[in-house]
Amino acid sequence: MRKADIFVAALLFVIGVIVLVDSIRLGFRWGVSGPEAGFFPFSLSVGILICTAIIGIKAIKKHGKEGPGERLIPEGGLKPILWVLLPSIGMVILTEFIGIHLAALVFLAFYMRAVGKIGWGKVVLVSILVPMALYVVFDKLFLIPLPQGIWGGKLIPF
Amino acid sequence: MENVHNLLMGLGVALQPHNFLVAMIGLVLGVIVGVLPGLGGANGVAILIPLTVTMAPIPGIILLSSIYWGALYGGSITSILFNIPGEPWSVATTFDGYPMAKKGQAGKALVLSFLSHGAGAILGVVMLSFFAPIIAEFALKFGPAEIFSVMLLTFSAFVGLGGKSALKTLASIFLGFSLAAVGMDIVTGQLRMTYGSVDLMGGFNFIVAVIGLFGLGEIFLTVEEGLKMEGIKARVRIRDITEGFKELGRFYKTLIFGALIGCWMGLKPGGATPASFMAYGFAKQAAANKEEFGHGASAGIIAPEAAAHGAGTSATLPMITLGIPGSPTMAVIMGGLMIFGLTPGPMLFVEHPDFVWGLIGSCWVGNIIGLIIVLAFTPVFVAVLKVRFSILMPAIVYICAIGAYAVNNRMIDLYYMVGFGVVGYLFKKLDYPIAPMVLALVLGDMAESAMRQALIIGQGSPLVFFRPPIALPIMIAAIVIFFWPTITSLRKKYAARTTIGPG
């Protein structure tokens, strides 16, 4: 966990630098009629840099003294997490192409089959019914435009 | 008293058939959301905000807040029956609720939990009804410096009293404010931190962040332990209810104390989660039968539950009077208010009294009816969890995605959602508090504009924030609270030294 601590602190430090650079560009002094646009972000970025630097240094010191500490992810935990994370990203990417409801259909079917090992009958039933129900509720009833994707509009005629 | 008259008017609004129906739907959805992992109170409300855009403000806010009340009740169901907290504020309930259920007294545990929730809710709503107008009156005198100082007080409370590493809390807060600043600056029209990216011009929306942080993040946390939803069967019988009342009578001190802690924690932002832990800790320390805690002690259920619900309801108070949400879920609800074009704060009482009192009225109605609903229909809600997790999980992610997209109709928000999910998971594991980051994201623009206006008024001098009579004591309180851990540890050292002294 210490390594993750150092890593995250470093990442946040980088974010702090990103904010700092832009706030310098915007100007962080007193402008014509008040603080310039970069004033607030400048102080924020300084804050982030100081805090994350101290967090990182503390973590490095602790790591040196006590070693890596507990595991970040418990035994056997990484696989289920990746099984959620990667297909979710896949679903989002797929949404760009075929729209969210069809992507969800694929996502549901994939997860149910690959992880849940559920029988084909149930898989087909659920992965068609649920997106259909949500499509009716959100797109038709509440009239919220949800992503159709590049080809999705043609795949669903209604 | 004018306030009683207002309250009755509010109750009248809340009990109008349309609003009442909306509250019922919200409550049921809320309990379901509370029961499911990954769809939490903050998250569930966030997803439904785009839906409420089609509704008028009053029923819209009633829906959103009813979901919160329902989720407060619902989180306990899985804690007691499955040893899996359905909500972050139900974690403390697992300590004694589940053991009690294992001993065969699941019905009793559920009843104690729900009744304690109800008690906390009543105290919270009573406080809300009576103090809201007073504080709103007071807050009308607030200028930008005062507004900013109250926000500083809020965040200082997180740092000084949050119980987590001050550095990490600060980092979380700064990060939240930075995220809020990305995009176009309202005052100067300049683009900040966008580095030429069109996507970043729109900035980060707090709804998307909440759905990612609390939704996906929660799912990652649930999955990493490979949870199985094996639950204890339970029905709530009439006998359980009468026994529950009797037990509550025995432990009335714990109940009142828990509810008070809850209301206090709801006022200064922190919310239901820290309130529940604090109450549990206090109850255990004060108890005569400490060893029973962790094995099914009644007080171990009563205290955190009363606190959690008290905090949840009283979180409404600073939100509507000062525009400072008392809990992450309340922050989301406040965001919903702003989307309706209503700015929470003292002006709301002046300009839209029917709205404010209608909301307060529905707090009464919602929490009391919610109690009845969970007492009567627990097995129904439990049945929701019988659905196989491998069906539930992708469905939850799917619903989250819909919610995230519906905010601004941007695909990039879906990617942000996943990103925030990872952040939420990492932050939870590494003990970075998420609530202050969410609050900073919601309040970011308001805080910055208040600061800028104040500085302009003060001609660039930061002393403007310390001007009496209002800003000065608030700033002093903020500084004291900020350094509270240092103060307490210095006091301990001093005490130790004097006792070790000669003699």
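Predicted model only: the values in this text are computed from it and were never measured. (Residues numbered from 1 in each chain as written. Chains lettered and ligands numbered in written order. Predicted model: local features only at pLDDT ≥ 70, side-chain atom pairs only at ≥ 80, totals over all residues.)

1. A few points about the overall build of chain B
Thinking step 1. Scanning chain B from N- to C-terminus turns up 22 helices and two strands.
Thinking step 2. Relative to the compact-globule value of 23 Å for 503 residues, chain B shows a C-alpha radius of gyration of 22 Å, a close match.
Thinking step 3. The dimensions of chain B, computed from C-alpha atoms along their principal axes, are 70 × 65 × 55 Å.
Thinking step 4. In chain B, buried positions account for 62% of the 503 residues.
Thinking step 5. In chain B, the proportion of contacts linking residues at least 24 apart, taken out of those at least 6 apart, comes to 79%. (Helix = DSSP H or I, 4+ residues; strand = E, 2+ residues; numbered from the N terminus. Rg over C-alpha atoms; globule rule 2.2 N^0.38 Å. Buried ≥ 20, exposed ≤ 12 C-beta atoms within 10 Å, placed from the backbone. Contact = placed C-beta atoms within 7 Å.)

2. So, the overall build of chain A
Thinking step 1. Each helix and strand counted, chain A has six helices and zero strands in total.
Thinking step 2. Traced from its N-terminal end to its C-terminal end, chain A shows the element sequence α-α-α-α-α-α.
Thinking step 3. Compactness check: chain A gives a C-alpha radius of gyration of 24 Å against a globular reference of 15 Å for 158 residues, more than 25% above the reference.
Thinking step 4. Considered along the principal axes of its C-alpha atoms, chain A spans approximately 60 × 55 × 25 Å.
Thinking step 5. Relative to its 158 residues, chain A shows a buried fraction of 38%.

3. Quick look at the confidence of the model for chain B
Thinking step 1. Considering every residue of chain B, the mean pLDDT works out to 80; 94% of them sit at 70 or more.
Thinking step 2. The element-level mean pLDDT for chain B is lowest in helix α8 (residues 198-201) of chain B, coming to 75, with helix α19 (residues 412-429) of chain B highest at 89. (pLDDT = per-residue confidence, 0-100.)

4. Some words on the interface of chain B and chain A
Thinking step 1. Facing 49 residues of chain B, the contacting portion of chain A comprises 54 residues.
Thinking step 2. Contributions of two or more residues to the side of chain B that touches chain A are made by α3 (41-52), α7 (166-181), α9 (206-224), α18 (389-408), α19 and α20 (435-457) of chain B.
Thinking step 3. When residues in the side of chain B that touches chain A are grouped by element, the largest group, 11 residues, is from α18 of chain B.
Thinking step 4. When its residues are assigned to classes, the side of chain B that touches chain A shows 32 nonpolar, eight polar and nine charged. (Nonpolar A, V, L, I, M, F, W, Y, C, P; charged D, E, K, R; others polar.)

5. A closer look at the packing of α3 of chain B against helix α4 (residues 57-82) of chain B
Residue and element names in this part refer to chain B.
Thinking step 1. Orientation of α3 relative to α4, taken along the N-to-C sense of each, is 160 degrees, at an axis distance of 10 Å. Relative to α4, the element α3 lies roughly antiparallel. Where α3 crosses over α4, the handedness of that crossing is right-handed. Packed against α3, whose contacting residues are G41, G44, V45, L48, I49 and T52, the element α4 presents G60, L63, L64, I67, Y68 and A71 at the interface. (Axes fitted to C-alpha atoms, helices over the stretch in contact; angles between N-to-C directions. Parallel < 35°, antiparallel > 145°, perpendicular 65-115°, else oblique. Left-handed = near helix turned anticlockwise from the far one by under 90°.)

6. Here we look at unusual backbone geometry
Thinking step 1. Residues other than glycine seldom take positive phi values, yet D431 of chain B does so here, at roughly 65 degrees.
Thinking step 2. Among the structural elements, D431 of chain B can be located in the loop between α19 and α20.

7. Looking at the nonpolar core
Thinking step 1. The biggest cluster of nonpolar side chains holds 227 residues, and the ones touching the most others in it are V210, A307, A401, M417 and V438 of chain B.
Thinking step 2. Tallying contributions element by element places helix α5 (residues 91-139) of chain B first for this core, with 21 residues.
Thinking step 3. Here this core gathers at least three residues from each of two domains, domain 1 (2-66) and domain 2 (78-155) of chain A.
Thinking step 4. Beyond its immediate sequence surroundings of up to four residues, A401 of chain B is in contact with V92 and I100 of chain A together with L414 and M417 of chain B. (Core = buried A, V, L, I, M, F, W, Y, C linked by C-beta atoms within 7 Å. Domains from an automatic or database assignment.)

8. Considerations on the confidence of the model for chain A
Thinking step 1. Mean pLDDT over chain A works out to 80, with 91% of the residues at or above the 70 mark.
Thinking step 2. For chain A, per-element mean pLDDT is lowest for helix α6 (residues 149-155) of chain A, which scores 64, and highest for helix α3 (residues 78-98) of chain A, which scores 86.

9. Considerations on the environment of T316 of chain B
Residue and element names in this part refer to chain B.
Thinking step 1. Within the element layout of this structure, T316 appears in helix α14 (residues 316-322).
Thinking step 2. Taking the number of C-beta atoms within 10 Å as the measure of exposure, T316 has 28 and is therefore buried.
Thinking step 3. Residues T316 and G124 lie 192 residues apart in sequence; the distance between their C-alpha atoms is 8.9 Å.

10. Digging into helix α11 (residues 252-267) of chain B
Thinking step 1. Between its first and last C-alpha atoms α11 of chain B spans 23 Å; for 16 residues at 1.5 Å apiece the expected length is 22 Å, and the two agree.
Thinking step 2. When we look at burial in α11 of chain B, the residues that qualify are T254, L255, F257, G258, A259, I261, G262, C263, M265, G266 and L267 of chain B. (Expected span 1.5 Å × (residues − 1).)

11. Remarks on the environment of I58 of chain B
Residues and elements named next belong to chain B.
Thinking step 1. Looking at the secondary structure, you find I58 in helix α4.
Thinking step 2. Note: C-alpha distance between I58 and V13 (45 residues apart in sequence) is 8.9 Å.
Thinking step 3. Ignoring anything within four residues of it in the chain, the contact list for I58 reads V13, N19, F355 and G358.

12. Let's talk about α3 of chain A
Residue and element names in this part refer to chain A.
Thinking step 1. Taking 1.5 Å as the rise per residue, α3 with 21 residues should run 30 Å; its terminal C-alpha atoms sit 29 Å apart, in good agreement.
Thinking step 2. Buried within α3 are the following residues: P80, V84, L85, P87, S88, M91, V92, L94, T95 and I98.
Thinking step 3. Where α3 terminates, the next one or two residues include G99, which has phi positive at roughly 85 degrees.

13. Re the packing of helix α2 (residues 17-35) of chain B against α4 of chain B
Residues and elements named next belong to chain B.
Thinking step 1. Look at α2 against α4: their axes get within 6 Å of each other, and the N-to-C directions meet at 35 degrees. Crossing of α2 over α4 shows right-handed handedness.
Thinking step 2. Per-class residue counts for the contact of α2 with α4 are 21 nonpolar, 10 polar and no charged.

14. Here's the deal with the environment of E66 of chain A
Thinking step 1. By the secondary structure assignment, E66 of chain A is in helix α2 (residues 39-66).
Thinking step 2. Considering only alpha carbons, one finds E66 of chain A and R2 of chain A, 64 residues apart in sequence, at a separation of 9.4 Å.

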